[in-house]
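Geometric and topological summary
The lines below spell out each chain.
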Amino acid sequence: MTTQDSHSTLSLEEDILMVLTRDVTRTLSAPELAQAIAAESDWHSLLMPIRRAAVALAQSGRLVIYRKGKPVDPLDFRGVYRVGLPRQD
């Protein structure tokens, strides 16, 4: 069983939110999230599942996807991105 197989989409979403709540003021990249979730195994296999989970969480308003420091449309972004919890400003 690979790391990717061992994480259902729902548990991966929960894992992402748990990692983000450790420091609500920070945003994290997909590799940072993957390493925090699966530090002891091959975290590289989590990169695409994390992207899909981040899009789903962003669509439901539970996190924000940032590109170059600005929030982006979760259905229309490319390249390097970071995620963070919605700000309560």
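Structure's up top.
Quick summary incoming for the structure in this document. As the structure is a computational prediction, the values presented were derived from the model and not from experiment.

1. Remarks on the overall build of the protein chain
A tally of regular secondary structure across the protein chain gives 4 helices and 4 strands. Along the protein chain, helices (α) and strands (β) appear in the sequence α-α-β-α-α-β-β-β when read from the amino end. In the protein chain, which comprises 89 residues, the proportion classed as buried is 42%. Restricting to contacts in the protein chain with at least 6 residues of sequence separation, those with at least 24 account for 47%. Only carbon and sulfur atoms are counted for the fraction: they give 52% of the accessible area of the protein chain, which is about 5,600 Å².

2. Digging into the nonpolar core
Formed by 25 residues in total, the largest nonpolar core has its most connected members in Ile16, Leu20, Leu33, Ile50, Leu63, Ile65 and Val83. Broken down by secondary-structure element, the contributors of at least two residues to this core are α2 (9-21), α3 (30-37) and α4 (47-59). The residues touching Leu63, leaving out its near neighbours within four places in the chain, are Ile16, Leu20, Ala54, Leu57, Ala58, Val83, Gly84, Leu85 and Pro86.

3. What about the pattern of salt bridges?
Under the definition given, this model contains 2 salt bridges. The closest approach of N and O atoms between Arg82 and Glu32, which form a salt bridge, is 3.3 Å. With Arg82 in strand β4 (residues 82-84) and Glu32 in helix α3, this pair connects stretches of sequence that are 50 residues apart. A relative accessible area of 30% means that Arg82 is categorised as partly exposed. Taking the relative accessible area as the measure of exposure, Glu32 reaches 29% and is therefore partly exposed. Several salt bridges share partner residues, and in doing so they unite Arg26, Glu32 and Arg82 into one network.

4. Some points on the pairing of strand β2 (residues 64-67)
Alignment of β2 against β4, held across 3 bridges, turns out to be antiparallel. Paired with Val64 across the bridge in β4 is Gly84. The pairing of β2 with strand β3 (residues 70-71) spans 2 bridges and is antiparallel. Of the residues in β3, the one forming a bridge with Tyr66 is Pro71. As consecutive antiparallel partners, β2 and β3 are separated by 2 residues, and within that stretch Lys68 has a phi angle of approximately 55 degrees, a positive value.

Calculation criteria
Residues numbered from 1 in each chain as written. Predicted model: local features only at pLDDT ≥ 70, side-chain atom pairs only at ≥ 80, totals over all residues. Heavy atoms only, no water. Helix = DSSP H or I, 4+ residues; strand = E, 2+ residues; numbered from the N terminus. Buried < 20%, exposed > 50% of the residue type's maximum accessible area, 1.4 Å probe, protein only. Contact = heavy atoms within 4.5 Å. Areas by Shrake-Rupley, 256 points an atom, 1.4 Å probe, with all protein chains shown as cover. Core = buried A, V, L, I, M, F, W, Y, C linked by side-chain atoms within 4.5 Å. Salt bridge = Lys/Arg side-chain N within 4 Å of Asp/Glu carboxyl O. Pairing = 2+ DSSP bridges.

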